[in-house]
Structures are given as C-alpha cells and as structure tokens.
Amino acid sequence: MILTTGATGRIGAEAVRLLAGGGLATRALVRDPTRAPQDGSWSGAEIASGDFERPDTLDAAMAGVDTLLLISPSVPAQEIAAIDSAVRQGVKHVVKITNHRATEDSPVDRRRDHARIEAHLRASGLSHTLLAPNLFMQNLLVVAPVVRQTHGFVMSTGDGRFGMVDSRDVAAAAAAVAAAPGDHEGRAYLLTGPELVSYDDVADALTRAVGHEVEYRRVTPAEHREGMIAAGVPEPVASSNAQVFGLIAEGDAAWLSDDVAALTGRRARGLGTFAADHADVFR
Ligand SMILES: NC(=O)c1ccc[n+]([C@@H]2O[C@H](COP(=O)([O-])OP(=O)(O)OC[C@H]3O[C@@H](n4cnc5c(N)ncnc54)[C@H](OP(=O)(O)O)[C@@H]3O)[C@@H](O)[C@H]2O)c1
C-alpha cells in the first residue's frame, strides 16, 4: 500500500492518479474528503481523512502502508509528525519531496526547514528516497489572472535562468519511485525540465500559447516584496519569496538533470507544452 500526503496538491493529486491508474494499492491522505477529485481520476484509490496536526489521524491512515509519499507545505513539525507515525506503523520506505539546496545553514528559511526534516528522516532509520525539484511551471498559474488582465506579469529574477519543471513530471517521478522503492533506497534525485529558461522564455512561451504578447515586467526583489505585500501576501512569505527570487537572479536555480527521464522513461515536459496545455487559463 502506498500512502500519498498532500494528495490534493499539485504533485500529490497527479501522483495518486498515476498510482491508482497503474493498478497499485493506493491511499490518499486528505484533510477534507470533499476536496478529492470527483471526476474519477482517483478511481481505485482509498481516501483517508487526516491532518498533519492530528497524529491519531496519521496513525490510522498509515496502518498497513508499505511506502509513504511525503508531500506537505514543508512545516517541519508536520512532516516530523508524519515520519514518527510511519515509524510507529511499520512503514518500510519514505519518498520525500525536498529542496535541492536544503542545508542547515541556508539563508532561506524553507530550505533550512527541509534540511531539518531530512535530518529527522535520516535519524528515524527508515529507508528513504529524496526528490528535489527545481521551480514548478505550475507556480505560473498564480499570475494567470494578472496575465489575463494586463497581458504581462511582474518578476524579480532578472536574466536568471532555472531548470523549471512541470509538477506533473515531479508526480510521475515520485510515482515511479514509490512503485519500486527498493531500486531507489538512499538515493536523491534532481527533478528538472529539459532546459534552462528565464522569465523572458516564460513570456515568449505564454505569448505563443495565448496568441498575443505577454510581457515580463522586471522589478527588483525589494520592489517585488512590496508589491506582494500590497497584494495581500503575508510579510514573511513575501520576504522569503523575494529572497529566493534574488538568489535565482544570481543563478541559484540554474541546474538541470536527466533524472525525470531516467525515472519515468519519458522526456520531461518543456515550457511550450505547459503553456499550450494551460493556454485557456492565461488567455
Ligand atoms: N513550488 C515549487 O516551485 C517547489 C519547488 C521545489 C520544491 N517544492 C516543494 O514541494 C512541496 C509542496 O508540494 P505541492 O506544491 O504539490 O503542494 P501544494 O500544491 O502546495 O499542496 C499542499 C498540500 O498539503 C496539504 N496540507 C496542508 N496542510 C495540511 C495539514 N495540516 N494536514 C494535511 N495536509 C495538509 C494540502 O491540503 P489542502 O488541500 O487540504 O489544503 C495540499 O494537499 C513542498 O515541500 C515544497 O517545498 C516546491
């Protein structure tokens, strides 16, 4: 049995679809069962109601589970609670979504958080695999309303390039590992798209997909932070995002890997495919 947490999220929903579609015994942990897809895409999957904040619900969901696909908003206490529950319930392998630059002394809080969770996972003695994706193409969906209204978007990464990955490929890689965890014990994989791109390339891809010009409007990270706060983003999140955008401008996410193809047997989706598949959202 494979249990996927964060199952209503970007990676999780697709991973559950792929695992259930592949005929594997699959369970999805959801906070609110009414948020599970109603379109039949999870046909064959069990639904377990649970919350990282309620360890009793984690224990119930993990009963009989062999492999945990651990996806969350990466709050350390929550993932640590899930790892502890996995130990209690005799789970054999954990597949964790993490960050490529997760170190204890990272200047970025969310990377330190992932490093803390990784350390707990190592100390648990559980067999595990780490999957570190580059920036998700699906993050672009957040700016879709602005693109629709203004034919452009604001970003503060300058000419910085990144190995942007489609979260559907992150899900496919995660499902492949969860389906055969013994082949991936103790391994860490970097999940990226097929090419390094900048937000100029993003604007070009959206322009081609929607059929009119989409503009990349450059601001500094400090200006971007102010803009996010003005738009209602909580200050700590805006500050952390702006910090990461500044790092990306300096080349922090300019890394590529063939691991998506190696794990899934398919070339990772490019930006053009993402833009074409989501054109209606941006038009
Ligand atoms: N975005 C990127 O560019 C990027 C890049 C690299 C790595 N990552 C990593 O990817 C991971 C996030 O994956 P994602 O984008 O697929 O997630 P997501 O779309 O943000 O979804 C988060 C999921 O966590 C669930 N959740 C939140 N609080 C919960 C709780 N208390 N109990 C149970 N479930 C809870 C949510 O359920 P509800 O539907 O109930 O809210 C949702 O299913 C993070 O570890 C992040 O660091 C992201």
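Given the structure is predicted, the values throughout are model-derived calculations rather than measurements.

**Some details on the overall build of the chain**
- Regarding its fold elements, the chain presents 12 helices and 9 strands.
- Radius of gyration (C-alpha) of the chain: 19 Å, near the 19 Å computed for a compact globule of 283 residues.
- Its C-alpha atoms give the chain principal-axis dimensions of about 50 × 40 × 35 Å.
- Scored against the burial criterion, the 283 residues of the chain give a buried share of 51%.
- A total accessible area of about 12,500 Å² is found for the chain, and carbon and sulfur atoms account for 50% of it.
- If you average the places of the 27 positive and of the 36 negative side-chain charges in the chain, the two averages end up 2 Å apart.

**Structural notes on the domain arrangement of the chain**
- When its domains are assigned, the chain resolves into domain 1 (2-133) and domain 2 (134-165 + 191-254 + 269-283).
- For domain 1 and domain 2, the distance between their C-alpha centres works out to 27 Å.
- Across the contact, 11 residues belong to domain 1 and 14 residues belong to domain 2.
- When domain 1 packs against domain 2, the two sides together hide about 1,100 Å² of surface, and 48% of this comes from carbon and sulfur.
- Taken together, the connections running from domain 1 to domain 2 amount to 2 salt bridges.
- Between Arg101 and Asp252 there is a salt bridge, with its nearest N and O atoms 3.3 Å apart.
- Considered class by class, the residues forming the side of domain 1 that touches domain 2 number 6 nonpolar, no polar and 5 charged.

**Quick notes on the UniProt feature "domain: NmrA-like" (unreviewed entry) in the chain**
- UniProt marks residues 2-246 with the feature "domain: NmrA-like" (unreviewed entry), using the numbering shown here.
- Secondary structure over residues 2-246 splits into 42% helix and 16% strand, and the C-alpha atoms at its two ends are 38 Å apart.

**Thoughts on unusual backbone geometry**
- Its identity as a non-glycine residue notwithstanding, Ser74 has a phi of 60°, on the positive side.
- For Ser74, a relative accessible area of 11% corresponds to the buried category.
- Positioned with a positive phi, His151 is a non-glycine residue whose angle comes to about 55°.
- The partly exposed category is assigned to His151, whose relative accessible area is 36%.

**Examining the side chain of His184**
- Among the secondary structure elements, His184 is positioned in the loop between helix 6 (167-179) and strand 8 (188-191).
- For His184, the contacting residues outside a window of four places in its chain are His93, His128, Thr129, Ala176, Val177, Tyr189 and Leu263.

**As for the packing of aromatic side chains**
- In total, this model carries 5 aromatic pairs according to the counting rule given.
- Look at Phe153 and Tyr216: their rings are 5.8 Å apart centre to centre, the planes differ by 10°, and that puts the pair in the stacked class. Of this pair, Phe153 sits in strand 7 (residues 152-155) while Tyr216 sits in strand 9 (residues 215-218); the two residues are 63 residues apart in sequence, bridging distant segments of the chain.
- On the accessibility criterion, Phe153 (2% relative accessible area) is buried.
- With a centroid separation of 5.9 Å and 55° between ring planes, the pair formed by Tyr199 and Tyr216 is classed as tilted.

**Here's the deal with the side chain of Lys96**
- Here Lys96 lies in strand 5 (residues 93-97).
- Overall, Lys96 belongs to the buried group, its relative accessible area being 0%.
- Within polar-contact distance, the side chain of Lys96 engages the side chain of His114 at 2.9 Å.
- In contact with Lys96, not counting residues within four places along its chain, are Leu70, Glu79, His114, Ile117, Glu118, Leu121, Thr129, Leu130 and Leu131.

**Some thoughts on helix 4 (residues 109-124)**
- Helix length check: helix 4, at 16 residues, gives a terminal C-alpha distance of 23 Å against a target of 22 Å (1.5 Å per residue), a fit within 8%.
- Within the span of helix 4, buried status applies to Arg111, His114, Ala115, Ile117, Glu118 and Leu121. One side of helix 4 holds all its buried residues, which, seen down the axis, span an arc of 165°. Seen from the open side of helix 4, the exposed residues pointing more than 90 degrees away from its buried face are Arg116 and Ala123.
- Of the surrounding secondary structure, the elements contacted by the buried residues of helix 4 are helix 3 (76-88), strand 5, strand 6 (127-133) and helix 9 (235-249).

**Comments concerning the site of the ligand**
- Residues in contact with the ligand amount to 23 residues; listed here are only the nearest, Thr8, Ile11, Arg31, Arg35 and His114.
- For the ligand, an oxygen atom lies 2.8 Å from a polar atom in the side chain of Arg31.
- Taking Ser72, its main chain carries an N or O atom lying 3.2 Å from an oxygen atom of the ligand.
- Considering the ligand on its own, with 940 Å² of exposed area, one finds that the protein chains cover 82% of that surface.
- Looking at which domains feed residues into the shell around the ligand, each of domain 1 (2-133) and domain 2 (134-165 + 191-254 + 269-283) gives three or more.

Rules of the game
- Residues numbered from 1 in each chain as written.
- Predicted model: local features only at pLDDT ≥ 70, side-chain atom pairs only at ≥ 80, totals over all residues.
- Heavy atoms only, no water.
- Helix = DSSP H or I, 4+ residues; strand = E, 2+ residues; numbered from the N terminus.
- Rg over C-alpha atoms; globule rule 2.2 N^0.38 Å.
- Buried < 20%, exposed > 50% of the residue type's maximum accessible area, 1.4 Å probe, protein only.
- Areas by Shrake-Rupley, 256 points an atom, 1.4 Å probe, with all protein chains shown as cover.
- Lys, Arg positive; Asp, Glu negative; His and termini not counted.
- Charge placed at Lys NZ, Arg CZ, Asp CG, Glu CD.
- Domains from an automatic or database assignment.
- Contact = heavy atoms within 4.5 Å.
- Buried area = accessible area lost by both parts, 1.4 Å probe.
- Salt bridge = Lys/Arg side-chain N within 4 Å of Asp/Glu carboxyl O.
- Nonpolar A, V, L, I, M, F, W, Y, C, P; charged D, E, K, R; others polar.
- UniProt positions renumbered as here; feature names shortened; annotations may be inferred.
- Phe/Tyr/Trp six-rings, centres within 6.5 Å; stacked < 30°, edge-to-face > 60°.
- Polar contact = N/O pair within 3.5 Å; in protein donor to acceptor, adjacent residues only side chain to side chain.
- Expected span 1.5 Å × (residues − 1).
- Arc of directions from axis to C-beta.
- Near = heavy atom within 4 Å.

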